[in-house]
Amino acid sequence: MNHTFGDDPVVVEVKAALDALRRGESVQESARLDLKEEHGRRDKTGAIGPSNPRNEAAAKDLAAAAACMANSQGGGALLCGVTDNSQVVGTELDIDWLRHRIYELTERRLTVDVGEEWVNAERLLVVRSPQAIEPIRCGGRTTWRVGTNCVDVDPTAWHARRMSAINYDWSGEESTVPATDARAGALDQARQFLRESGEPRALELAAAVDAELLRRLNVVTGEGMLTNAGVIAFVGRGEPSVDYIRRQVAGGERTTRVRRVERALLQELAETFQALEGNNAVLQLQRDGLVIGQLREIPPLAAREAIVNGVAHREWGQADATVVEHVGRTLRVTSPGGFVSGVNERNILTHPSKSRNRSLVELLAALRVAEREGQGVDRMTREMISVGHAPPDIREITGPYVRAALVGDNVDIAWMAWLAEVLPPERRQDLHCLLILRRLTITGWVDVGAAAELIQLTVEEARGAIGMLASLRFSGASLIEQVAGTPAGSEEVWKLSSAARSGLDVLDKNQSGVRSWPDRSKVALSYATARGRISSTELASLVGAHASNVGSVLKALEDEGHLIPSRPNRRGQGFFYRRVSGDS
């Protein structure tokens, strides 16, 4: 049984138009429906030529029309392959290519759903534009639908006239599914999630009867109907929302798959979490030959947040499932729809919380399935770095989709023990501290510019984070210290103190390991690239050596074409090397 989450007026119009065309009747365009033949197929005589699967002219025409629909109340749909007078001519446009080109042509802001329909042996495409939460530009213009036409609108006027639409939340809209249709298994699972949290309020909510539970979770309207979020969570959409796949190695045989039909999202999540737990190996932590604890290959909290984010923030207008690929020690979660406008890889840690599905996000948080809105990525990152893994790699990929990858390399026991020694208890969960300290072990230095980019905050906030670390002590010395030799008036540069670095080396040795610190050449090149210059005094301070012992490193980088001397004789006080412009 498929649920369409209520009588969506756009879906109703598209269905009525297709039915009419199949009966040989004409179709009238409206504010929500635009008939589009594939642009560029007609010759000078008006005859229609063959269709091109990657017709750029058609993509530009459809992108402009799709943006217009997205800017209009409730969004709309384009019926491609039909002329204005209702002649069905068909199209061979490639669906995936068209979806991505529309996304690119709308400044990477609009994700459309493209579906295939057949009318009298002719292939048509239905291009569905969801209502935008910010104005969508295409070809330098912002338009919206007035009657059956697209007209220019000033973005300021768009905002002023549609403030309520900016906060439009599809998941909070009323469906046509009564609350009594909620699956018993989904209700039981909701209570299980609440009980697992152990929180008094959650336990009290879990004890509520079905009707009260749904009401207090804000998924029932005054008319007794579920919201769209309620349908997703407690009824399901009739097709899988999550597809979990386990392989031991890349390209290997599938050993586990969780892909269920006729399940509510809460049930799918529970089954996915269970499969993940069964396939997420337990690692024995040892010190001096004794087992001191256990950890999972992939931190369970990080994995859970990645999966929940993949369903909470996805584009539900697309039929694809959120795919969870568990290959070896890597978990990749790929969800339909690009980043919400304004969010990208460089600000995802700190951008104000924004979701397509606010009510669904709030529901999952209320059930303790996920972190409070806006904290999930922070939590994933903290959990990964705390055990020595790389931060999550979260990026937008062609489709568009958002993919989050968690790579569970070998757990770094020495790093974990070192963090416990160098950071006071109240700072061990401080993501800014963890990110900066990790950078110092990998790159060898940090300044406020690098720190600001790393923690995705302002330079002043980054300066505060560095200052806090500089105030900490370890083995009678500072945790981090300034690099010597930086020019007067320039931003300070910081490195791990000798005591802090030695402490980590000792812990590595206790684990029969040797840390791979960056070599002198890599430190010099990264420093010079970011700072524009480097001297032997600076490099010596960075790597804990004497200035006379690092000159050969800088000369080698000069010979390789990366650096140039500030003066030909390479001598005298204040001599330094400049980074070669344009060299990467």
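Structure first, text after, so check above.
Residues numbered from 1 in each chain as written. Predicted model: local features only at pLDDT ≥ 70, side-chain atom pairs only at ≥ 80, totals over all residues. Heavy atoms only, no water.

Engineer: How do you make sense of the packing of helix H11 (residues 300–312) against helix H12 (residues 358–366) when you look at a structure like this?
Structural biologist: Helix-helix packing: each pair is described by the crossing angle between the helix axes and the interaxial distance. The geometry of H11 relative to H12 is characterised by a closest axis approach of 10 Å and an angle of 150° between their N-to-C directions. It follows from the interaxial angle that H11 and H12 lie roughly antiparallel. On H12, the residues touching Val-308, Val-311 and Ala-312 of H11 are Leu-360, Val-361 and Leu-364. Looking at the contact of H11 with H12, its residues break down into six nonpolar, no polar and no charged. (Axes fitted to C-alpha atoms, helices over the stretch in contact; angles between N-to-C directions. Helix = DSSP H or I, 4+ residues; strand = E, 2+ residues; numbered from the N terminus. Parallel < 35°, antiparallel > 145°, perpendicular 65-115°, else oblique. Contact = heavy atoms within 4.5 Å. Nonpolar A, V, L, I, M, F, W, Y, C, P; charged D, E, K, R; others polar.)

Engineer: Could you clarify how one ought to interpret helix H6 (residues 184–197) in this entry?
Structural biologist: What sets the pattern is the α-helix's 3.6 residues per turn: residues three or four places apart point alike. Helix length check: H6, at 14 residues, gives a terminal C-alpha distance of 21 Å against a target of 20 Å (1.5 Å per residue), a fit within 8%. When H6 is considered as a whole, its buried residues turn out to be Ala-186, Leu-187, Gln-189, Ala-190, Arg-191, Phe-193 and Leu-194. Looking at the buried residues of H6, the elements they touch are helix H7 (200–206), helix H8 (210–216), helix H9 (228–234), helix H10 (265–279), H11 and H12. Trailing H6 by a residue or two, Gly-198 shows a phi angle of about 75°, which is positive. (Expected span 1.5 Å × (residues − 1). Buried < 20%, exposed > 50% of the residue type's maximum accessible area, 1.4 Å probe, protein only.)

Engineer: Can you walk me through helix H14 (residues 413–422) in this structure?
Structural biologist: Most of H14 is tucked away: seven of the ten residues are buried. Of the residues making up H14, those classed as buried are Ile-413, Ala-414, Trp-415, Ala-417, Trp-418, Leu-419 and Val-422.

Engineer: Would you mind going over the nonpolar core with me for this structure?
Structural biologist: Soluble, globular proteins show a tendency: their nonpolar side chains are buried together. One finds Phe-234, Trp-418, Leu-437, Leu-469 and Ile-534 to be the most contacted residues of the largest nonpolar core, which totals 119 residues. Residues within four places of Trp-418 in sequence aside, it is in contact with Leu-437, Leu-479, Leu-496, Ala-500, Gly-503, Leu-504 and Leu-507. Ala-63, Ile-95, Ile-102 and Val-112 belong to the second-largest nonpolar core, a separate cluster that totals 25 residues. (Core = buried A, V, L, I, M, F, W, Y, C linked by side-chain atoms within 4.5 Å.)

Engineer: What is the right way to read the sheet that holds strand E2 (residues 76–80) from this model?
Structural biologist: Within a sheet, neighbouring strands are paired by backbone hydrogen bonds and run either parallel or antiparallel to one another. An order of E1-E2-E4-E3 is seen for the four strands of this open sheet, with the pairing classed as mixed. Each having just a single partner strand, strand E1 (33–36) and strand E3 (113–119) make up the two edges of the open sheet. Each strand axis lies, on average, 25° off the axis of its neighbour in the sheet, ignoring direction. Looking at chain direction, E1 and E2 are connected through four bridges and run parallel. Bridge assignment links Leu-33 to a residue of E2, and that residue is Ala-77. (Pairing = 2+ DSSP bridges.)

Engineer: What's the story with the packing of aromatic side chains in this structure? I'm lost.
Structural biologist: One pair of aromatic rings is described through two measures. These are the centre distance and the angle between the planes. In total, this model carries four aromatic pairs according to the counting rule given. Relative to Tyr-527, the ring of Trp-445 has its centre 5.4 Å away and its plane inclined at 75°; by these criteria the two rings are edge-to-face. A residue pair is termed long-range when its members are at least 10 positions apart, and Trp-445 in the loop between helix H15 (431–442) and strand E18 (446–447) and Tyr-527 in helix H19 (residues 520–531) qualify at 82 residues. Given a relative accessible area of 0%, Tyr-527 falls into the buried group. In this structure, Arg-314 packs its charged tip against the face of Trp-316, placed 4.3 Å from the ring centre. Directly above the ring of Phe-576 sits Arg-533, whose terminal nitrogen or CZ lies 4.3 Å from the centroid. (Phe/Tyr/Trp six-rings, centres within 6.5 Å; stacked < 30°, edge-to-face > 60°. Lys NZ or Arg CZ within 6 Å of the ring centre and 35° of its normal.)

Engineer: What should I look at first to understand the packing of helix H16 (residues 448–455) against helix H17 (residues 459–470) in this one?
Structural biologist: Between H16 and H17, whose axes approach to 8 Å, the crossing angle comes to 100°. As far as their axial angle goes, H17 and H16 are roughly perpendicular. Between H16 and H17, the contacting residues are Val-448, Ala-451, Ala-452 and Ile-455 on the first element and Val-459, Ala-462, Arg-463, Ala-465 and Ile-466 on the second. When grouped by side-chain class, the residues that make up the contact of H16 with H17 number eight nonpolar, no polar and one charged.

Engineer: I'm lost on the state of the cysteines in this one. Help?
Structural biologist: A covalent bond between the sulfur atoms of two cysteines is what we call a disulfide. In the structure shown here, the tally under the stated rule is one disulfide. Put simply, Cys-68 and Cys-150 are joined by a disulfide, and their sulfur atoms are 2.1 Å apart. Across the S-S bond of Cys-68 and Cys-150 the torsion is about -110°, and the bridge reads as left-handed. Residue Cys-68 is located in helix H2 (residues 56–70), and its partner Cys-150 is located in strand E7 (residues 149–152); the two are separated by 82 residues in the primary sequence. A disulfide-free cysteine, Cys-138 has its sulfur positioned 10 Å from the sulfur of Cys-68, the nearest such atom. What makes Cys-138 buried here is its relative accessible area of 14%. (Disulfide = S-S within 2.5 Å.)

Engineer: Would you mind going over the environment of Thr-381 with me for this structure?
Structural biologist: Assignment of secondary structure puts Thr-381 in helix H13 (residues 376–386). Residue classification places Thr-381 among the buried positions, given a relative accessible area of 4%. Sequence-wise, Thr-381 and Asp-8 are 373 residues apart; in three dimensions their C-alpha atoms are separated by 38 Å. Not counting residues up to four positions away in its chain, the partners in contact with Thr-381 are Leu-349, Pro-391, Pro-392, Leu-431 and Leu-435.

Engineer: It is not clear to me how unusual backbone geometry should be interpreted in this structure. Could you clarify?
Structural biologist: Both trends apply: most residues other than glycine have a negative phi, and most peptide bonds are in trans. The phi dihedral of Glu-107 falls on the positive side, at around 60°, and the residue is not glycine. Looking at the secondary structure, you find Glu-107 in the loop between helix H3 (95–105) and E3. The partly exposed category is assigned to Glu-107, whose relative accessible area is 41%. A positive phi angle is found at Ala-121, which is not glycine, with a value near 70°.

Engineer: Could you clarify how one ought to interpret the sheet that holds strand E25 (residues 577–579) in this entry?
Structural biologist: On the basis of which strands lie adjacent, the open sheet formed by three strands has the order E23-E25-E24 and antiparallel pairing. Of all strands in the sheet, those with a lone pairing partner are strand E23 (533–534) and strand E24 (563–565), marking the two edges. Sheet topology places E23 next to E25; two bridges connect them, and they run antiparallel. Note that in E25 the partner of Arg-533 across the bridge is Arg-578.

Engineer: I'm lost on the side chain of Arg-99 in this one. Help?
Structural biologist: Within the fold, Arg-99 resides in helix H3. Using a relative accessible area of 8% as the deciding quantity, one classes Arg-99 as buried. A distance of 3.1 Å separates a polar atom in the side chain of Arg-99 from a polar atom in the side chain of Asp-96. Each residue touching Arg-99, except ones within four places of it in the same chain, is listed here: Val-112, Val-114, Gln-318, Gly-399, Pro-400 and Tyr-401. (Polar contact = N/O pair within 3.5 Å; in protein donor to acceptor, adjacent residues only side chain to side chain.)

Engineer: Help me out: how do you make sense of the pattern of salt bridges in this one?
Structural biologist: Opposite charge on two side chains allows them to pair when their charged atoms are near. On inspection of all chains with the given rule, the structure shows 40 salt bridges. A salt bridge links Arg-379 to Glu-305; the nearest nitrogen and oxygen atoms lie 3.4 Å apart. Of the two residues, Arg-379 sits in helix H13 while Glu-305 sits in helix H11, which places them 74 residues apart along the sequence. One salt bridge in this structure joins Glu-481 and Lys-495, with 3.6 Å as the shortest N-O distance. Residue Glu-481 is located in strand E21 (residues 480–482), and its partner Lys-495 is located in strand E22 (residues 493–496); the two are separated by 14 residues in the primary sequence. Salt bridges sharing common partners tie together Lys-15, Asp-19, Arg-22 and Glu-117. (Salt bridge = Lys/Arg side-chain N within 4 Å of Asp/Glu carboxyl O.)

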